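So the chains spell out like this:
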Amino acid sequence: MYFDVVDELNQVLQEAARDILGDAFDQAEPAGFSPARDLSHGDLTTTAAFNWAKSLKRNPRELAGEIVMRLSGHPSIEKASAAGPGFINVSLSSQVLLNTLGAALKQDSAYGRSAKYAGKKAMVEFVSANPTGPLHVGHVRGAIVGDTAASLLEAVGYEVTREYYYNDAGVQMEMLGRSVRARYWQLFGLDEALPENGYKGDYIRYIAAAVKTAKGDSLLESGEWRPFTEFAADVLMSVIMDDLRKLRVRFDTTFSERSLHENGSVRQTIDELTAQGATYEQDGALWLKSTDQGDDKDRVLVKSDGEPTYVTPDIAYHREKYARGFDLLVNVMGHDHHSQVERVKIALTILGYRLNALNYLLNQMVSIERGGEKIKLSTREGQFMTLADMVDELGADVTRYFFAQRSYNSQMIFDWDLAKRQSMDNPVYYLQYVHARTCSIEQKAEERGIDRAPNLDGIDPAPLRGERERELLLKLFFYPNVVMDAAERLEAHLVPAYLEDLAKTFHGYYQAQRVLDQDDPEGSRARMKLVLGVQRVMRNGLSLLKVDAPERM
RNA sequence: GCGCCCAUAGCUCAAUGGAUAGAGCACCUGCCUUCUAAGCAGGUGGUUGCAGGUUCGAGUCCUGCUGGGCGUGCCA
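Residues numbered from 1 in each chain as written. Chains lettered and ligands numbered in written order. Predicted model: local features only at pLDDT ≥ 70, side-chain atom pairs only at ≥ 80, totals over all residues. Heavy atoms only, no water.

In this section: the packing of helix α6 (residues 171–187) against helix α7 (residues 202–215). Angle between the axes and distance between the axes are the two parameters that describe a pair of packed helices. Two numbers describe how α6 lies on α7: the axes approach to 8 Å, and their chain directions differ by 65°. Between α6 and α7, the crossing angle belongs to the class labelled roughly perpendicular. The crossing of α6 and α7 is right-handed. Judged by residue contacts, Leu 176, Ser 179, Val 180, Arg 183, Tyr 184, Gln 186 and Leu 187 of α6 engage Ile 204, Arg 205, Ile 207, Ala 208, Ala 209, Val 211 and Lys 212 from α7. When the residues that make up the contact of α6 with α7 are grouped by side-chain class, the tally is 9 nonpolar, 2 polar and 3 charged. (Axes fitted to C-alpha atoms, helices over the stretch in contact; angles between N-to-C directions. Helix = DSSP H or I, 4+ residues; strand = E, 2+ residues; numbered from the N terminus. Parallel < 35°, antiparallel > 145°, perpendicular 65-115°, else oblique. Left-handed = near helix turned anticlockwise from the far one by under 90°. Contact = heavy atoms within 4.5 Å. Nonpolar A, V, L, I, M, F, W, Y, C, P; charged D, E, K, R; others polar.)

Written out as structure tokens, the structure reads:
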């Protein structure tokens with residue numbers, strides 16, 4: 001409904017633009033309707049008059065008046081008016097709002113979804129933590145930012161691949177293998193210390209014990225670290241995936257860094273950069289002339305020991321991504337890796353790739369505050385709170401919601417005590433309570449034999465024309481636009497913001513207006529449908545965030 | 001030093017360049033014989049870090065400061 005109505009009105013605007021602007025039409029800023037921020041200014045609003053006034057050198061207020069004339073009488077509009085210095089405000093007809101409710105009920109779980117990007121393919125790469133230990137709370141934010149972005153893209157029609165890129169090569173993996181080997185040796189009574197900068201967590205001991213169970217003493221002889229790395233990486237990847245499942249995150253594909261070395265992709269990337277004249281050798285290493293592209297220093301691609309640095313396979317990985325034919329690439333990573341982003345972009349530019357489709361969501365750091373104190377997120381010293389601990393203690397609903405609620409771009413203080421509270425202060429329950437309440441009303445309606453079919457057949461619309469009812473209907477009307485806006489901007493937190501607004505409006509309505517009234521059967525029927533509409537939207541919104549919508553609380 | 005990000009109510013955070021900057025928490029005052037009080041209604045609380053600039057219009061864009069987070073490695 002939303003897009004149909006706005007398209008219609010924008011059409012009128014376009015025609016007006018053509019007539020009023022004449023020759024200036026081509027240069028004029030485009031203008032369209034969007035939801036009014038303040039409902040006292042109508043339902044939809046546009047600043048078209050401001051945009052056009054400049055090129056015409058005319059008074060925007062006067063222009064607004066002309067545009068309003070053209071809008072009035074439109075079947076979707078109850079009232080159009082010019083306001084302030086030149087705003088154009090529109091109130092929607094009650095028929096549009098009623099149709100919205102009908103659509104929400106009929107489309108049910110599809111309401112708010114769209115086919116705008118049907119046929120397009122997107123990849124969201126996220127988490128991508130190296131399998132050197134279990135995921136800790138620092139990874140949770142990226143997991144939720146990525147997963148929710150993926151859900152939003154799906155909701156607007158993209159075919160989405162959720163991918164986990166993991167580093168199973170390189171120095172850190174060697175350190176992992178050596179750490180496990182040391183613990184393994186200790187199990188046989190050998191006095192072997194962990195390597196310096198080794199992994200000190202207890203999980204290393206468990207993995208060593210698992211190696212012993214699986215392989216006995218057969219790995220003692222050779223002393224090779226590689227088998228330990230492989231064993232540990234397998235174990236840890238499956239632990240990571242299990243933990244992510246607890247958060248309701250599932251990946252479609254994993255991508256191994258080692259495969260890029262083995263299939264020659266890394267080599268080829270280096271060769272092509274060299275063929276572009278973008279590299280040189282110095283001190284036994286191969287350097288990328290990134291300063292030519294504005295970097296403040298050149299970067300090493302291949303170390304003097306012949307091993308590539310971390311950035312080189314990352315460039316190769318992105319070439320693979322491009323080759324796989326996605327229309328949209330989304331990379332989620334911690335902001336502490338932002339310098340890596342620049343180097344990959346520089347290399348891709350040198351190689352002739354366009355960066356338009358490549359989006360990075362660099363989520364800012366998280367700190368957790370508990371009992372008035374900040375608690376440690378992670379440390380190489382083996383003391384950390386894991387993702388699993390967090391989900392076990394808070395539950396997936398709360399964990400997901402708290403992270404989804406905030407813009408990924410703002411540093412976040414996670415209020416553990418609030419998250420832990422099962423009360424009205426906790427916004428998750430505030431939203432879920434809306435759903436539970438609607439279900440409760442629905443059940444009562446069933447007991448009383450009141451129609452709660454998902455359609456508006458035979459409904460008297462009069463009871464839905466009240467101010468409060470209208471406000472709710474309008475919020476339902478906006479929902480598809482919230483989803484679209486959040487998806488296109490990759491700003492998932494717009495959804496929680498909307499849902500909280502809807503919840504507040506609904507709870508207020510519930511308090512002020514009895515839905516099922518024995519003395520008003522017509523009104524009860526109509527309001528019941530409205531409540532069902534709210535229920536659908538709340539359920540759909542929570543489902544985008546993968547938060548449960550309980551029927552009872 | 002240089003680069004990226006941030007600075008909004010006491011606290012945690014919102015606000016496609018638009019109208020009187022909004023929520024939640026905290027604090028104060030009321031509201032349960034009714035479909036769930038995990039709720040509602042109202043109140044207190046702001047020079048949007050500072051100084052300039054662009055614009056019809058700036059919390060939002062630009063410049064310079066101040067203060068913070070993170071980078072700045074032949075680690076990832």
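Turning our eyes to something else, we now look at the nonpolar core. Residues Leu 44, Trp 52, Leu 71, Tyr 164, Leu 244, Phe 414 and Phe 477 are the most contacted members of the largest nonpolar core, which totals 132 residues. With 12 residues, helix α17 (residues 467–489) is the single largest residue contributor to this core. In contact with Phe 414, other than residues within four places in its own chain, are Val 366, Ser 367, Ile 368, Glu 369, Met 390, Leu 394, Phe 402, Phe 403 and Ala 419. In terms of nonpolar packing, the next biggest core, distinct from the first, is built from 29 residues, Ala 278, Leu 286, Leu 329 and Leu 358 among them. (Core = buried A, V, L, I, M, F, W, Y, C linked by side-chain atoms within 4.5 Å. Buried < 20%, exposed > 50% of the residue type's maximum accessible area, 1.4 Å probe, protein only.)

Turning our eyes to something else, we now look at the sheet that holds strand β14 (residues 373–375). Here 3 strands make up an open sheet; going across it, the order is β14-β13-β15 and the pairing mixed. Pairing within the sheet leaves two strands with one partner each, and these edge strands are β14 and β15 (412–415). Taking each pair of neighbouring strands and ignoring which way they run, the sheet shows an average axis angle of 40°. One ladder, built from 4 bridges, connects strand β13 (residues 366–370) with β15; its direction is parallel. Along β15, the bridge assignment pairs Val 366 with Met 412. Contacts from helix α14 (residues 396–404) reach β13 and β15, with the element oriented near 150° to β15. (Pairing = 2+ DSSP bridges.)

Further remarks concern the packing of aromatic side chains. Within the structure shown, the criterion is met by 21 aromatic pairs. Residues Phe 414 and Trp 416 carry aromatic rings whose centres are separated by 6.2 Å and whose planes lie at 50° to one another, so their mutual orientation is tilted. For Phe 414, a relative accessible area of 0% puts it in the buried group. Judged by its relative accessible area of 1%, Trp 416 falls in the buried class. Pairwise contacts between aromatic rings join Tyr 2, Phe 3, Phe 477 and Phe 478 into one cluster. The side chain of Lys 121 reaches across the aromatic face of Phe 326, ending 5.2 Å from its centre. (Phe/Tyr/Trp six-rings, centres within 6.5 Å; stacked < 30°, edge-to-face > 60°. Lys NZ or Arg CZ within 6 Å of the ring centre and 35° of its normal.)

Right, let's get into the pattern of salt bridges. Inspection of the entire model under this criterion finds 37 salt bridges. Of the charged contacts in the structure, one is a salt bridge between Arg 162 and Glu 154, with a shortest N-O distance of 3.0 Å. In this structure Arg 162 comes out as buried when scored by relative accessible area, which is 7%. Its relative accessible area of 28% is what places Glu 154 among the partly exposed residues. Salt-bridge contacts for Asp 242 lead to Arg 245; the nearest nitrogen and oxygen are separated by 2.7 Å. (Salt bridge = Lys/Arg side-chain N within 4 Å of Asp/Glu carboxyl O.)

We now examine helix α3 (residues 60–71). Here α3 is 12 residues long and its end C-alpha atoms lie 16 Å apart, about the 16 Å a rise of 1.5 Å per residue gives. On its buried face, α3 sits against α1 (2–21), α2 (48–56), β3 (77–83) and β4 (87–92). At the N-terminal end of α3, a side-chain oxygen is found 2.9 Å from the backbone nitrogen of Arg 61, two or three residues along, and the residue is Asn 59. Where α3 ends, the next residue or the one after it, Gly 73, has phi of about 95°, a positive value. (Expected span 1.5 Å × (residues − 1). Polar contact = N/O pair within 3.5 Å; in protein donor to acceptor, adjacent residues only side chain to side chain.)

A word on the packing of α17 against helix α18 (residues 494–512). Packing of α17 against α18 brings their axes to within 9 Å, and their N-to-C directions diverge by 170°. By the angle between their directions, the pair α17 and α18 is classed as roughly antiparallel. Every residue of α18 that contacts α17 at Arg 468, Glu 469, Glu 471, Leu 472, Lys 475, Leu 476, Tyr 479, Val 482, Asp 485, Ala 486 and Arg 489 is listed here: Leu 494, Val 495, Tyr 498, Asp 501, Leu 502, Thr 505, Phe 506, Gly 508, Tyr 509 and Ala 512. Partitioned by chemical class, the residues of the contact of α17 with α18 number 12 nonpolar, 2 polar and 7 charged.

So, on to the sheet that holds strand β8 (residues 279–282). In spatial order, the strands read β8-β9-β10; together these 3 strands make up an open sheet with antiparallel pairing. Two strands bound the open sheet, and with one partner strand each, they are β8 and β10 (299–302). Direction aside, the axes of adjacent strands within the sheet are offset by 45° on average. Taken together, the 4 bridges between β8 and strand β9 (residues 285–288) define a ladder with antiparallel strand orientation. Pairing of Tyr 280 across the sheet is with Trp 287, part of β9.

Moving on, we come to the domain arrangement of chain A. Domain annotation for chain A reports domain 1 (2–92), domain 2 (98–115 + 424–544) and domain 3 (171–246). The straight-line distance from the C-alpha centre of domain 1 to that of domain 2 is 29 Å. Surface buried jointly by domain 1 and domain 2 totals about 870 Å² across both partners, of which 75% is contributed by carbon and sulfur atoms. On the domain 1 side of the interface with domain 2, the three residues burying the most area are Tyr 2, Phe 3 and Leu 39, jointly 58% of the side's total. For the pair domain 1 and domain 2, the interface holds 1 salt bridge. The closest approach of N and O atoms between Asp 43 and Arg 470, which form a salt bridge, is 2.9 Å. Inspection of the domain 1/domain 2 interface yields 2 residue pairs in polar contact (both at pLDDT 80 or more). Listed by contribution, the elements that provide at least two residues to the side of domain 1 that touches domain 2 are α1 and β4. Ranked by residue count, the leading element in the side of domain 1 that touches domain 2 is α1, at 3 residues. (Domains from an automatic or database assignment. Buried area = accessible area lost by both parts, 1.4 Å probe.)

Okay, the side chain of Thr 46 next. Structurally, Thr 46 can be placed in strand β2 (residues 44–46). A distance of 3.1 Å separates a polar atom in the side chain of Thr 46 from the backbone oxygen of Gly 32. When sequence neighbours within four positions are dropped, the list of residues in contact with Thr 46 reads Leu 13, Ala 31, Gly 32, Phe 33, Phe 87 and Ile 88.

Close inspection of predicted coordinates is inappropriate for parts of the model with low pLDDT. Mean pLDDT over chain A works out to 92, with 98% of the residues at or above the 70 mark. When mean pLDDT is compared element by element in chain A, strand β5 (residues 121–125) scores highest at 98, while β14 scores lowest at 75. Low pLDDT, under 50, characterises residues 378–382; the predicted model gives this stretch 11 contacts beyond four residues in sequence or across chains. (pLDDT = per-residue confidence, 0-100.)

This part is about the pairing of strand β6 (residues 159–166). Working note: regular strand, side chains alternate between the two faces of the sheet. Counting buried positions along β6 gives 7 out of 8 residues, so the element sits mostly inside the fold. By the bridge criterion, 5 bridges tie β5 to β6 in an arrangement that is parallel. Bridged to Glu 125 within β6 is Glu 163. Handedness of the β-α-β unit built from β5, helix α5 (residues 137–155) and β6 comes out right-handed. Judged from the 4 bridges that link them, β6 and strand β7 (residues 253–256) form a sheet pairing that is parallel. Looking across to β7, one finds that Tyr 164 is bridged to Thr 254. (Right-handed = clockwise from strand over helix to strand, strands pointing away.)

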